[in-house]
Amino acid sequence: MLQSCDTMQPQTNGTNGTMSSSILITGGAGYIGSHTVAVLLEASTPHELVVVDNLSNAHREQGQKKPESLRIVEELTGKNIHFYDADIRDAEKLSEIFNKHNIECVIHFAALKAVGESVDKPLEYYQVNISGTCTLFDVMRKHGVYKLVYSSSCTVYGEPRKLPIDEAHPTGLGLTSPYGKSKYFCEEIMKDICRSDPKWTVVSLRYFNPVGAHLSGRIGEDPAGTPNNLMPYISQVAVGRLPELQVFGNNYQTSDGTGVRDYIHVVDLAAGHERAVRLLQQPGASGFHAVNLGTGVGYSVLQMIKAFEEASGRKIPYKIVGRRPGDISENYADVSLSHRLLGWRATRTLEDMCRDTWRWQSAHPNGFKS
Ligand code: NAD
Ligand code: UD1
């Protein structure tokens, strides 16, 4: 039996009894999903927001109906979010949700995302990231919903052949992790379904390195266990949860020898989704569109440490160690297509990214868990 955390009645607009149009957001309780929900509500989206998340990587306090991230977004915005504790691999449950809400389009965040873990548990990653995605697409098709925004990654490009990387760069070559391959395979699946039926409109957003937190400092990134990624690692060192950062290699062909990445503020990234939803609604937009979401500027690990020290007023102890296997030297996006197609560009600076991360981390040293 389907359990919604607000109402069991179909949503109506209250004037003529027709169902309000909704956006289904899978994985909407997670880091990028919850910021996207916040940005959509803050932008007064005309849509109802319906979140499906199995809470495998989101925290719900005992006795609460909604995960902390979404409960706080409701508090911040004063708006309601429809939440379902459901798995994207469960076609029956998904179907019930599609029956209950007038879903116009889907933003699909739900996935497993730990690169190292995916090497040890490839089957689990393919089951969620690929089978789950196919199940979702099948339910969408059965309910006549053909508009989709997908969370892809710059990881699909593998080792860059040229910089900045534009969307015409080959994908799928030299991918080392099942996680990275799952993002690439899903893109290929989406290209095929778009070729098979012109009703589909898919925007695959290739994120560069999302960091930062909501300006309120009340929601942010809350990785399970020891962080794998640089920014949450630095912020946990700054707050005293971890003793020191290991810098993976200082002999790359970069300005200071450490790895360079295109870090993008998660609120800018979230705003890119709002623009992608607008593109879905445009006549003539049908087909598959891959779009980079980055700033176009790369920063090294040492530059990130320095910027975070300035934003937090804390010293970040670090030591240089060997390279991390599978790491690339340098990566940053060509962002011209995102300007042209979505009318979007990142506006937040590195200082904003560090300041907002620190506001969240210093107020929540242990993340969402009280
Ligand atoms: P996250 O883990 O914070 O969010 C993912 C959410 O999906 C979690 O709340 C989790 O509980 C949920 N989920 C996982 N499996 C599910 C399932 N089977 N059914 C329903 N819900 C499920 O991750 P995030 O950083 O917000 O990433 C969101 C998306 O963006 C993912 O697809 C990820 O691969 C992609 N992405 C993330 C990054 C990054 O650096 N964070 C970079 C590139 C791409
Ligand atoms: C990681 C993922 C990649 C994903 C991307 C999304 C890995 C191997 N790759 O890549 O698939 O698409 O995030 O954001 O996890 N660094 C340190 N010390 C640390 C952590 C990182 O020096 O403790 C360095 C790395 O070597 C790299 C930079 O910091 O040069 C950024 O690392 P990270 O945040 O893990 O991102 P990516 O390497 O881009």
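Structural notes, computed from the coordinates.

## A short note on the overall build of the protein
Summing up its helical and strand segments, the protein has 11 helices and 13 strands in all. Expressed along its principal axes, the backbone C-alpha trace of the protein runs to roughly 60 × 45 × 40 Å. Counting only residues that meet the buried cut, the protein has 54% of its 370 residues in that class. Carbon and sulfur atoms make up 48% of the accessible area of the protein, which totals about 15,800 Å². For the protein, the centre of its 38 positive side-chain charges and the centre of its 40 negative side-chain charges are spaced 1 Å apart.

## A short note on helix 8 (residues 266-280)
The terminal C-alpha atoms of helix 8 lie 21 Å apart, and with 15 residues this matches the ideal 21 Å at 1.5 Å per residue to within 8%. In terms of burial, helix 8 is a largely internal element, 12 of the 15 residues being buried. Among all positions of helix 8, only V266, V267, D268, L269, A270, G272, H273, E274, A276, V277, L279 and L280 are buried.

## Topic: empty space enclosed by the protein
For the structure shown, the criterion picks out 2 cavities of 30 Å³ or more. Lining the largest cavity are Y31, V211, G212, E221, M231, P232, S235, T357, W360 and Q361. Those elements giving two or more residues to the lining of the largest cavity turn out to be helix 7 (230-238) and helix 11 (350-363). Tallied by class, residues from the lining of the largest cavity come to 5 nonpolar, 4 polar and 1 charged. If you go around the second largest cavity, the residues you meet are E221, D222, P223, Q236, R241, W360, Q361, H364 and G367. When grouped by side-chain class, the residues that make up the lining of the second largest cavity number 2 nonpolar, 4 polar and 3 charged.

## Things to note about helix 3 (residues 91-100)
By the burial criterion, the buried members of helix 3 are L94, I97, F98 and K100. Along the axis of helix 3, the buried residues cluster in a sector spanning 165°; they form a single face. Exposed side of helix 3, more than 90 degrees from the buried face: E92 and N99 are the residues found there. For helix 3, the secondary structure elements touched by its buried residues are strand 1 (21-26), strand 2 (48-53), strand 3 (82-85), strand 4 (102-108) and helix 5 (122-142).

## A closer look at the site of ligand 2
Residues in contact with ligand 2 amount to 20 residues; listed here are only the nearest, L230, Q246, R261, R324 and D327. In this structure, an oxygen atom belonging to ligand 2 sits 2.9 Å away from a side-chain N or O atom of S153. In the model, an oxygen atom of ligand 2 is placed 2.8 Å from a nitrogen or oxygen of the R324 side chain. Secondary structure elements with two or more residues in the shell around ligand 2: strand 7 (209-211), helix 7 and strand 8 (245-248).

## A short note on the site of ligand 1
Taken together, the neighbourhood of ligand 1 is formed by 27 residues, with I32, D53, N57, F109 and Y179 sitting nearest. Measuring from an oxygen atom of ligand 1, one finds a backbone N or O atom of I32 at 2.8 Å. One of the side-chain N or O atoms of D87 is found 3.1 Å from a nitrogen atom in ligand 1. Starting from 810 Å² of accessible surface for ligand 1 in isolation, the protein chains cover 95%. Split into classes, the residues belonging to the shell around ligand 1 amount to 14 nonpolar, 8 polar and 5 charged.

## Focus on the packing of helix 1 (residues 31-42) against helix 2 (residues 68-77)
What describes two packed helices is the angle between their axes and the distance between those same axes. Axis separation between helix 1 and helix 2 bottoms out at 10 Å; the angle between their running directions is 20°. When the axes of helix 1 and helix 2 are compared, the pair comes out roughly parallel. At the point where helix 1 passes helix 2, the crossing takes the right-handed sense. Here S34, V37, A38, L41 and E42 of helix 1 come into contact with helix 2, specifically with S69, L70, V73 and T77. Considered class by class, the residues forming the contact of helix 1 with helix 2 number 5 nonpolar, 3 polar and 1 charged.

## A look at the pattern of salt bridges
Applying the stated criterion to the full structure yields 23 salt bridges. With a closest N to O distance of 2.8 Å, R89 and D87 form a salt bridge. Taking the relative accessible area as the measure of exposure, R89 reaches 38% and is therefore partly exposed. For R195, the salt bridge is made with D192, and the minimal N-O distance between the two is 2.6 Å. Note that R195 and D192 are positioned in helix 6 (residues 178-196) at a spacing of 3 residues, about one turn of the helix. Take R195: its relative accessible area is 61%, and that puts it in the exposed class. One salt-bridge network, in which partners are shared between bridges, spans E68, R71, E75 and R218.

Analysis parameters
Residues numbered from 1 in each chain as written. Chains lettered and ligands numbered in written order. Predicted model: local features only at pLDDT ≥ 70, side-chain atom pairs only at ≥ 80, totals over all residues. Heavy atoms only, no water. Helix = DSSP H or I, 4+ residues; strand = E, 2+ residues; numbered from the N terminus. Buried < 20%, exposed > 50% of the residue type's maximum accessible area, 1.4 Å probe, protein only. Areas by Shrake-Rupley, 256 points an atom, 1.4 Å probe, with all protein chains shown as cover. Lys, Arg positive; Asp, Glu negative; His and termini not counted. Charge placed at Lys NZ, Arg CZ, Asp CG, Glu CD. Expected span 1.5 Å × (residues − 1). 1 Å grid on protein atoms, 1.4 Å probe; cavity = no way out; pocket = protein on both sides within 12 Å on 5 of 7 lines; lining within 4 Å. Points joined across faces, edges and corners; volume = space filled by probe spheres on them. Nonpolar A, V, L, I, M, F, W, Y, C, P; charged D, E, K, R; others polar. Arc of directions from axis to C-beta. Contact = heavy atoms within 4.5 Å. Near = heavy atom within 4 Å. Polar contact = N/O pair within 3.5 Å; in protein donor to acceptor, adjacent residues only side chain to side chain. Axes fitted to C-alpha atoms, helices over the stretch in contact; angles between N-to-C directions. Parallel < 35°, antiparallel > 145°, perpendicular 65-115°, else oblique. Left-handed = near helix turned anticlockwise from the far one by under 90°. Salt bridge = Lys/Arg side-chain N within 4 Å of Asp/Glu carboxyl O.

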